[in-house]
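# Results of the structural survey
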Amino acid sequence: MSSSRNIGLQSFFLSLFVFFGICIFYYILSISKTDGQYVYPLDDAYIHLAIAKNFALHDVWGITRYGFSSTSSSPLFTFMISFLIQVFGNHDQIPLYFNITFALGILYFLSMYYGETFRNVRNTVLATLVTLFFAVLHLQVLSGMEHVFQVFLFIVNIYSFSNWNKSRMAVPAFYLSLILMGLVRFESMFYFVILAGVLITVKKWKNALGVLIAGFVPVLLFCYFNYQQDGYFFPNSVVVKGTQLTLGPEMFVRLKTIFLDHLFLNKSFYKIGIFPILISTVFICRDTIRNKSLKEVIIKNFFLIVFSLLMICHAMFADLKGMFRYEAYILTGFCMAIIPRISALFSDYKSYIKGEKLITILVIMNILLLFYKSWFADRILENGGKNIYEQQIQSARFLHTYYNTSKVVANDIGAISYYTDIHLLDIVGLGSVEMIPFTADKRNLDEEFENFLIQYTTNNKYEIAVIYDEWFQGHIPRNWKKIAVLKIKNMIAVSKDEVSIYALEQTNPETLRRNIRDFKWNKNVEVRIVD
């Protein structure tokens, strides 16, 4: 046991050197394009920061300081960032340091886990790095969001399960990780149900019940609290972006969307999930053919079954897009389940390839996907922060300079909320519950939406709008006056390359036009005034 621990520690430091060397390279590359300021390559990171800031400084859980809004899709992560802001002050780099800390934990537990499998440093380091880059973890660390923490909890959970009878800390660590998972990402509920279901098939009734209680009780408590505040059980992002299965006339349309559009016809599923599932299927089928009992097959392939089912459920009801961050925890789980089964490939790859041609082909396909994801991550990390800096950060600075406490309509709400004290109407509904009836379940916008927006912004005296025109699907209110268009180049991490600024009825168009002309925009932002 001590030898595997020593192997794990040596592997940890070597993996740390390689992994953080790459992270530091991309960090330096990013700040070289953003005037020395590190900018997260997703505006969503600033949503967490905005809520954390308001909760820490104003005791308000909201995207603005003026009222509750269930905007964060990861309440525990946001709460922890808020606590750190209270302790260390309001710094936008706190999520980055948070992710670095938990990335160290990920490296440690992966090194210990694979050290027990390989018993040598070289293969342990290789397995650890393959897992990290297969889950594109360097991108997740530098994105400043909750997915690193989510991956950490899943690794602790699997590691604890594998050491159930070897360590007295394994059982409490297993259940503690479950307690935290659901409040980090709500997709973890799929994991709770599937994990409990597979435990039931091997007659582990008490453990299955423990999984369901540990996983769902914290989620249910949050849902009850959230419902008391705004009438919805889940955060606004889950309501707006999630896939709902309802009974009634639309049921068959929803079923078609879930099974065809999200799964069988989903290109992302085939790029991300199909090959790990095929590898798992081969191992499961082989053990079944060898006349092993069903219980033996399930026990031997426990996490292969769990994560295969989890990938399918995630594809149908959640999302496989967005810089590979949503499925990072599943891909990590697959690696931890598959790599010990193909350990001979690491030790003697020539013999393994000769004897395992099918598995080798599937492994090669996964390696090709690893290179594809690394290439995509390189594009994001090179120019993603630059995109956010030139679009969202510049918009935030403009608002802070001239409209810091004004009433603003927007659709990308993170940076402009964090760096200002605006009153916000989010047309997507993430930050404004008033808009959810028009945007929930990915509905198309219509005349009713436009008329509501005209009446609501007029009655509540909103002043300007900073929006993507395309997001309104042709229903920009007719009483809004376009004043300017901000355009960036090399779009990679933002939805559109153009942001439009509108004057609403409460704002003098000429004053807004003059402010836009006078503001010192970044040199890479093309500002076109609409006369």
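Remember, it's a predicted structure, so these values are computed and weren't measured experimentally.

## Examining the packing of helix α8 (residues 170-184) against helix α9 (residues 188-201)
Contact pair α8 / α9: the axes reach a minimum separation of 8 Å and the direction vectors enclose 140°. Here α9 runs oblique to α8, going by the angle between their axes. Residues F174, L178, M181 and G182 of α8 touch α9, and the partners they reach there are S188, Y191, F192 and L195. Residue composition of the contact of α8 with α9, by class: six nonpolar, two polar and no charged.

## A word on the pattern of salt bridges
As a working rule, side chains carrying opposite charge can pair if their charged atoms are close by. Across all of its chains, the model carries 15 salt bridges by this definition. Notably, a salt bridge pairs R325 with D44, separated by 3.3 Å at the nearest N-O pair. In this pair, R325 sits in the loop between α16 (302-317) and α17 (328-338) while D44 sits in helix α2 (residues 44-58), placing the two residues 281 residues apart along the sequence. The partly exposed category is assigned to D44, whose relative accessible area is 21%. Here E498 ties to K487 by a salt bridge, and the two come within 3.9 Å at their closest N and O atoms. Residue E498 is found in strand β5 (residues 498-503), and its partner K487 is found in strand β4 (residues 481-487); the two are separated by 11 residues along the sequence. For E498, a relative accessible area of 27% gives the class partly exposed. A network of salt bridges, in which partner residues are shared, links D287, R290, K300 and R341.

## Overview of helix α24 (residues 509-518)
The α-helix advances 3.6 residues per turn, and as a result positions three or four apart in sequence lie on the same side. When α24 is considered as a whole, its buried residues turn out to be L512, R513, N515 and I516. Summarising the axial view, the buried residues of α24 lie within an arc of 160°, below the 170-degree limit, and thus occupy one face. Residues of α24 that are exposed and point over 90 degrees away from its buried face: R517 and D518. On its buried face, α24 sits against α20 (357-402), β3 (464-467), β4, β5 and β6 (526-529).

Thresholds, definitions, all that
- Residues numbered from 1 in each chain as written.
- Predicted model: local features only at pLDDT ≥ 70, side-chain atom pairs only at ≥ 80, totals over all residues.
- Heavy atoms only, no water.
- Axes fitted to C-alpha atoms, helices over the stretch in contact; angles between N-to-C directions.
- Helix = DSSP H or I, 4+ residues; strand = E, 2+ residues; numbered from the N terminus.
- Parallel < 35°, antiparallel > 145°, perpendicular 65-115°, else oblique.
- Contact = heavy atoms within 4.5 Å.
- Nonpolar A, V, L, I, M, F, W, Y, C, P; charged D, E, K, R; others polar.
- Salt bridge = Lys/Arg side-chain N within 4 Å of Asp/Glu carboxyl O.
- Buried < 20%, exposed > 50% of the residue type's maximum accessible area, 1.4 Å probe, protein only.
- Arc of directions from axis to C-beta.

By themselves these figures say nothing about function.
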